[in-house]
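# Structural description and commentary
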Amino acid sequence: MTRIAFLGLGDIGARMARRVVAAGFDLSAWNRTASRAQQFAASLPSGSTGRVVPTPGEAVRGAEVVISCLSTSADVMAMLGAHPAMLDEVAPNAVWVDCTSGDPPTSRKLAADLAARGVAFMDAPVSGGTSGAEQGTLTVMCGGDSATVSRVQPVLASFAGKIVHCGPVGAGDAVKAVNNALLAVSIWSAAEGLAGLRKAGVAPQVALDVINASSGRSNATMTLIPQRVLTRAFPRTFRLALLDKDVAIAAAFLRDQAVPSPVVQLAAELMRLSHAALGDAADHVEAVQLVERWSGTEIA
Ligand code: NDP
């Protein structure tokens, strides 16, 4: 049975790891905060092929595939720095799949460090949210060589509905960052438009009826705003801090590519401001509340 190490049992990581166990893989999981690891262990059915271990070194020992899903690439590096012996435990022919929504330069550095030890690396950020992870329908964006993507395909299939090989190491991170920049722009611009319409006396539900049958529709107008803003539910599934990080990666990526990108650069600034105003625990859709504050109206 293929041995898998899973590092990082956060909102999405824990759900992905549960899918890996449900697919019958032999999984050793680790999380920095032990209480979260214990919660994950308690969620596994008895007699399952998954367990939690107290150190990342123990998790990766003997694993054929190491999956990490931390907040940022810098956190992956920090984990390696905090546990210097763990890399010695990674088998030379193993594959390291980083499902963190990371940044391309750090992924390329990590790939080079691991290659020096004979370990293949692939950046493999995901989209589809916590519900997609639960249902096993995530989209995985892979950056690496085709042989590596093929080797880990059966493991990725346990939580993915779609696996796309985007290009060399860093390409998955870049596609993910651009996708999330589009998400930030669509949430923010929809909130501005709906706030203005609300002030002019058009109910948001009425405006969305039109927009969602017209060319301005997006995931923000079709799903996020109806389900989370109009209801005032604002569930916490994907932290604004993480979207802020993603849009900053997209902005840096576009600057590196010498693409004039005023909209994405501004979106990065707006996400930074929203994150600073609303705090680390806020959900990404709560950014709408800043538009509401600034405009003195509620989108409801
Ligand atoms: P969470 O904030 O819920 O969890 C973050 C995880 O990273 C925790 O396990 C945390 O450990 C760990 N971590 C952070 N820093 C370190 C560190 N320095 N050393 C060791 N562990 C660390 O994030 P999510 O699970 O929501 O997201 C994980 C990744 O997936 C992110 O890159 C995010 O952008 C991406 N993503 C998330 C989606 C979502 O809907 N939530 C959707 C698509 C992508 P601890 O518990 O100790 O804090």
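Scope of this entry: the structure provided in the associated data block. If you're wondering where the values come from, they're calculated on a predicted model, not measured in any experiment. Residue numbers restart at each chain and count upward from 1, following the sequence in its written direction. pLDDT decides what is reported in this predicted model: residues at 70 or higher carry local features, side-chain atom pairs at 80 or more are listed and counted, and totals for whole chains, interfaces and linings draw on all residues regardless. Calculated side-chain values reflect all of the structure's heavy atoms, with hydrogen atoms and water omitted.

Here a residue is considered near a molecule or strand provided that any single heavy atom belonging to it is located within 4 Å of it. The immediate surroundings of the ligand are formed by 28 residues, with Asp11, Asn31, Thr33, Arg36 and Ser71 found nearest. In this structure, an oxygen atom belonging to the ligand sits 3.0 Å away from a side-chain N or O atom of Arg32. Nitrogen and oxygen atoms within 3.5 Å of one another constitute a polar contact, given that in protein one can donate a hydrogen and the other can accept it, and given that sequence-neighbouring residues count only through two side-chain atoms. Arg36 places a polar side-chain atom, nitrogen or oxygen, 2.9 Å from an oxygen atom of the ligand. The way it works is that DSSP assigns letters per residue, a run of H or I at least four long becomes a helix, a run of E at least two long becomes a strand, and they are numbered from the N terminus. Those elements giving two or more residues to the shell around the ligand turn out to be helix 4 (73–82), helix 7 (129–135) and helix 12 (240–256). A total of three residues in the shell around the ligand trace back to one element, the largest contributor, which is helix 4. Residue polarity follows a fixed list, in which Ala, Val, Leu, Ile, Met, Phe, Trp, Tyr, Cys and Pro are nonpolar, Asp, Glu, Lys and Arg are charged, and the others, Gly among them, are polar. Of the residues assigned to the shell around the ligand, the class counts are 10 nonpolar, 11 polar and seven charged. In this structure, the shell around the ligand is formed jointly by two domains, domain 1 (3–169) and domain 2 (174–295), each of which donates at least three residues. In this entry, domain limits derive from an automatic or database-based domain assignment.

Here the nonpolar core consists of buried residues drawn from Ala, Val, Leu, Ile, Met, Phe, Trp, Tyr and Cys, with membership extended through side-chain atoms lying within 4.5 Å. Here's how the labels work: a residue is buried when its accessible area is under 20% of the maximum for its type, exposed when over 50%, partly exposed in between, all with a 1.4 Å probe on protein chains only. Core analysis: the largest hydrophobic core is formed by 37 residues, its most contacted members being Trp188, Val229, Val247, Met271, Val288 and Ile299. Taken together, the elements giving at least two residues each to this core come down to helix 9 (171–199), helix 10 (204–211), helix 11 (219–229), helix 12, helix 13 (262–278) and helix 14 (288–295). For this core, the leading source of residues is helix 9, giving 10 residues. In what follows, residue pairs with any heavy atoms lying within 4.5 Å of each other are defined as contacts. For Val288, the contacting residues outside a window of four places in its chain are Ile187, Ala191, Val229 and Ile299.

Looking now at the packing of aromatic side chains. Each pair of aromatic rings taken from Phe, Tyr and Trp, with Trp reduced to its six-membered ring, is defined by centres within 6.5 Å and is described as stacked if the planes are under 30 degrees apart, edge-to-face if over 60, and tilted in the remaining cases. Following the criterion strictly, the structure yields one aromatic pair and no others. The interplanar angle of 65° and the centroid separation of 5.6 Å between the aromatic rings of Trp188 and Trp294 together place this pair among those described as edge-to-face. Of the two residues, Trp188 sits in helix 9 while Trp294 sits in helix 14, which places them 106 residues apart along the sequence.

Once that is clear, we can look at the pairing of strand 9 (residues 160–167). Whether two strands pair depends on DSSP finding at least two bridges between them. The pairing of strand 8 (residues 138–143) with strand 9 spans six bridges and is classified as parallel. By the bridge assignment, Cys142 is partnered in strand 9 with His165. With strands facing away from the observer, any crossover in which the path from the first strand over the helix to the second runs clockwise is taken as right-handed. Traced from strand 8 through helix 8 (residues 146–156) to strand 9, the parallel crossover comes out right-handed.

To continue, consider helix 1 (residues 13–22). Among the residues of helix 1, those classed as buried are Gly13, Ala14, Met16, Ala17, Val20 and Val21. Each buried residue of helix 1 sits inside an arc of 160° when the element is viewed along its axis, so together they form one side. As used here, the arc belongs to the directions running from the helix axis to the C-beta atoms.

Attention now moves to the environment of Ala42. Mapped onto the secondary structure, Ala42 falls in helix 2 (residues 34–43). On the accessibility criterion, Ala42 (68% relative accessible area) is exposed. Along the chain, Ala42 and Val52 lie 10 residues apart, while their C-alpha atoms are 9.9 Å from each other.

The next subject is unusual backbone geometry. Leaving glycine out, the prevailing phi sign among residues is negative, and the prevailing peptide bond configuration is trans. A positive phi angle is found at Arg232, which is not glycine, with a value near 60°. With respect to the helices, strands and loops of the structure, Arg232 is situated in the loop between helix 11 and helix 12. By relative accessible area, which is 29% here, Arg232 ends up partly exposed. The residue Ala258 is not glycine, and still its phi comes out positive at about 55°.

Bringing the layout of surface pockets into the picture now. For the largest pocket, the calculated volume is near 1400 Å³. Using a grid of 1 Å spacing that covers the protein atoms alone, one calls a set of points a cavity when a 1.4 Å probe fits there but cannot get out, and a pocket when the set is open and has protein on both sides within 12 Å along at least five of seven lines; lining residues are those with an atom within 4 Å of a point. Lining the largest pocket are 46 residues; nearest its centre among them are Ile12, Thr237, Phe238, Arg239 and Leu242. At six residues, helix 9 tops the list of elements feeding residues into the lining of the largest pocket. Grouping the constituent residues of the lining of the largest pocket by class yields 15 nonpolar, 22 polar and nine charged. Of the residues that make up the lining of the largest pocket, three or more belong to each of domain 1 (3–169) and domain 2 (174–295). The volume enclosed by the second largest pocket comes to roughly 150 Å³. Lining the second largest pocket, in full, are Asp103, Pro104, Pro105, Arg108, Gly170, Ala171, Ala174, Ile249, Ala252, Phe253, Asp256 and Gln257. Of all elements in the fold, only helix 6 (104–115), helix 9 and helix 12 reach the threshold of two or more residues within the lining of the second largest pocket. Among the elements that make up the lining of the second largest pocket, the one with the highest residue count is helix 12 (four residues). Residues belonging to the lining of the second largest pocket are distributed by class as follows: seven nonpolar, two polar and three charged. Grid points are joined across faces, edges and corners, and a volume is the space filled by probe spheres set on the points.

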